[in-house]
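Architecture and fold: a report
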Amino acid sequence: MADHLVQKNGMYHVRLDIPEDVRKAFGGRKALTKTLKTGSKREANERKLPILHAWRKQIRNARQGQPLAEAERSQWPKAQQKYSTKLPFTPKQLEKFEKYQKEIKEISTKTVDTQISKIKQMDAYFKENGDDLTFGAVHRFLETLEVTPKTKKQYLYAGNSFHKWMYKYSREHRTKYKQKSPPFEGHDLPSIKKGKKKEEKRLPFPIEDLPKLHSEAVAKGKLALADMIKIASYTGCRIEEICKLKTEHIIEEKGIKCLFIEEGKTDSSIRKIPIHPKIKGLIDELATKSSDGYLIKSSGGNKYGIRSDSHSKAFGRLKTEMGYDARYVFHSIRKTVITVLQHIDTPPLVITSIVGHKTGTVTFDIYSEGASAEQMFKAIKKLNIPPFNT
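Described below are features of the structure shown in this document. (Residues numbered from 1 in each chain as written. Predicted model: local features only at pLDDT ≥ 70, side-chain atom pairs only at ≥ 80, totals over all residues. Heavy atoms only, no water.)

1. Topic: the pairing of strand E4 (residues 250–253)
Rules: Whether two strands pair depends on DSSP finding at least two bridges between them. Helix numbering and strand numbering both begin at the N terminus, where a helix is a DSSP run of H or I of at least 4 residues and a strand a DSSP run of E of at least 2.
When E4 meets strand E5 (residues 256–261), the two strands line up antiparallel, connected through four bridges. Following the sheet pairing, Glu253 is matched in E5 by Ile256. Joining the antiparallel neighbours E4 and E5 is a turn of two residues, in which Lys254 adopts a positive phi near 55°.

Here it is as structure tokens:
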């Protein structure tokens, strides 16, 4: 700790050990610590300097036998400072909120866990700084975060979801905030202007690179991943959609063999995708060899039941070794398929029906059943992807 900085709950504190020969003058303390109220190391390094200077001066004065002034003593952190402001983020309330989000709102476990984590981080900051839950306290917390505006919005959304739930079900909370500004609403955050490309935006792979990704996966013995790359290249499926495909999802729609996507991110994700002739043999082979009903073997998924977790990580390592940066992920294959379909003049309704997107119009999203299997099959067969080696 040569830089005299300690990080607790995302916040930096300055710390200075008190030499043993002067500890008596400091009330027996072994160290002096003080919160710097920032999560930025750069700012912390700037803010610590005057504090360290004052503390070192006090140590020099103590060695010379000079009594410390009361004003100096009042600046010391209290050894056992009690937090008195009552915050609503109690373990009991967080447990109830978590259950409400999962069971009543039917929000995914992963999303709720992320919300709880962000709420706990805010709670730790408020307690550390003696803040109540106010608009100003939330603003100060956001100022300490070195994250994108999008991530800051996620903190606000998590906090506001909890606040609204408390306001609805807690009389005490409702009474307290009835005449106050909502603590998580109305915060001004920087925004990216429309039309301005974000550097971290996900990009599609060049179409000629899809067989290269497949070949590299085969060369490294990642055969399941290679199969997933090939399936994604001819369907535009998301990685988790592929990993959840079962033998029973191979169906026929008006004489056309299709893959039935039974669940996904949205209602629009539920769809039937005609099987391209180039992957028909692969799909049949995977179905025949399946031992558990799934087309793709998986380690069983992470704690959220996501079957693609290990394959996603394997793909991340593969593409990085091939020289692709963070803008390229497995989802980039989906972007490539959509781009190719656009370039061959596929009607927008047909594209959205294949990849499971909303069209953004009431006519098609509410009243239409989407493109027919025949229309989608006609478009999919036109995908001019360079041949795969295997």
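That was the structure; now back to the text.
2. A few points about the pattern of salt bridges
Should the charged atoms of two oppositely charged side chains come close, the side chains can pair. Note the cut-off: Should a side-chain nitrogen of Lys or Arg be within 4 Å of a carboxyl oxygen of Asp or Glu, the pair is scored as a salt bridge. Buried, partly exposed and exposed residues are distinguished by accessible area as a fraction of the type maximum, computed with a 1.4 Å probe on protein chains only: under 20%, between the cut-offs, and over 50%, respectively.
Summed over the entire model, instances satisfying the criterion amount to 22 salt bridges. Between Asp123 and Lys127 there is a salt bridge, with the nearest N and O atoms lying 3.2 Å from each other. A residue pair is termed a helical-turn pair when its members lie 3 or 4 positions apart in one helix, as Asp123 and Lys127 do in helix H4 (residues 109–128) at four residues. According to the relative accessible area criterion, Lys127 is partly exposed, its value standing at 41%.

3. Some words on the nonpolar core
One recurring pattern in soluble globular proteins: nonpolar side chains tend to sit buried together. For clarity, the threshold we go by: Only buried Ala, Val, Leu, Ile, Met, Phe, Trp, Tyr and Cys residues count toward a nonpolar core, and they belong to the same one when joined by side-chain atoms within 4.5 Å. The criterion used for residue contact is that any of the two residues' heavy atoms lie within 4.5 Å.
With 49 residues, the main nonpolar core has Ile229, Phe315, Phe330 and Ile354 as its most contacted residues. Counting residues per element, this core draws most heavily on helix H9 (residues 223–235), which supplies seven residues. Here Phe330 is in contact with Met228, Ile229, Ala232, Cys237, Ile239, Ile242 and Phe315, once residues within four sequence places are set aside. In this structure, Leu87, Met122, Tyr125 and Phe126 belong to the second largest nonpolar core, which totals 26 residues.

4. Structural notes on helix H12 (residues 309–321)
Test applied: Each residue after the first adds 1.5 Å to the expected span of a helix. Here, the arc refers to the directions that run from the helix axis to the C-beta atoms.
End to end, H12 covers 19 Å across 13 residues, agreeing with the expected 18 Å (1.5 Å per residue, within 8%). Within the span of H12, buried status applies to His311, Ala314, Phe315, Leu318 and Lys319. Around the axis of H12, the buried residues are gathered within 130° of arc, so they sit on the same side. Buried residues along H12 sit in contact with helix H8 (210–219), H9, helix H10 (239–243) and helix H13 (331–343).

5. A look at the sheet that holds E4
Worth spelling out the cut-off: Axis lines are fitted through C-alpha atoms, for helices just across the contact stretch, and the angle between N-to-C directions can take any value from 0 to 180 degrees.
The three strands lie next to each other as E4-E5-E6, forming an open sheet whose pairing is antiparallel. Bordering the open sheet on either side are E4 and strand E6 (271–274), each of which pairs with just one other strand. Strand-to-strand twist across the sheet, computed as the mean angle between neighbouring axes with direction ignored, equals 45°. Set on the sheet, helix H16 (residues 373–380) makes contact with E4, E5 and E6; between it and E6 the angle comes to about 45°.

6. A short note on the environment of Lys230
Checked against the element boundaries, Lys230 lands in helix H9. Taking the C-alpha atoms as reference, Lys230 lies 6.7 Å from His214; in sequence the two are 16 residues apart.

7. Section: unusual backbone geometry
Despite not being glycine, Lys254 has its phi angle at roughly 55°, a positive value. With respect to the helices, strands and loops of the structure, Lys254 is situated in the loop between E4 and E5. Given the relative accessible area of 76%, Lys254 is considered exposed. Here the phi dihedral of Asp345 falls at roughly 60°; this positive angle occurs in a residue that is not glycine.

8. Regarding the packing of helix H3 (residues 91–104) against helix H6 (residues 149–169)
If you want to describe how two helices pack, look at the angle between their axes and the distance between the axes. Note the threshold: Here roughly perpendicular refers to angles of 65 to 115 degrees, roughly parallel to angles under 35, roughly antiparallel to angles over 145, and oblique to all remaining angles. Amino acids are sorted into nonpolar (Ala, Val, Leu, Ile, Met, Phe, Trp, Tyr, Cys and Pro), charged (Asp, Glu, Lys and Arg) and polar (every other residue, Gly among them).
With their axes 11 Å apart at the nearest point, H3 and H6 run at an angle of 100° to one another. In this view, H3 runs roughly perpendicular relative to H6, as classed from their interaxial angle. Between H3 and H6, the residues in contact are Gln93, Leu94, Lys96, Phe97, Tyr100 and Gln101 and Ser161, Phe162, Trp165, Met166, Lys168 and Tyr169, respectively. The residue makeup of the contact of H3 with H6, split by class, is seven nonpolar, three polar and two charged.

9. Focus: the sheet that holds strand E2 (residues 11–17)
Spatially, three strands are ordered E1-E2-E3 in an open sheet, and the strand pairing comes out antiparallel. Two strands bound the open sheet, and with one partner strand each, they are strand E1 (5–8) and strand E3 (31–35). Averaged over all pairs of adjacent strands, the angle between strand axes in this sheet comes to 30°, irrespective of strand direction. Pairing of E2 with E3 involves five bridges; the strand directions are antiparallel. By the bridge assignment, Asp17 is partnered in E3 with Ala31.

10. Here we look at the packing of aromatic side chains
Inclusion rule: Aromatic pairs are defined between Phe, Tyr and Trp rings, using the six-membered ring for Trp, whenever the two ring centres lie within 6.5 Å; interplanar angles under 30 degrees are classed as stacked, those over 60 as edge-to-face, and all others as tilted.
For the coordinates displayed, the defined rule picks out 18 aromatic pairs. Ring plane angle 50° and centroid distance 6.3 Å describe the contact between Trp165 and Tyr169, whose orientation is recorded as tilted. Of the two residues, Trp165 and Tyr169 both sit in helix H6, four residues apart, roughly one turn of that helix. Judged by relative accessible area, which is 8%, Trp165 ranks as buried. Ring-pair connections join several aromatic residues into one group, and the members of that group are Phe89, Phe97, Tyr100, Tyr125, Phe126, Phe141, Tyr155, Phe162, Trp165 and Tyr169.

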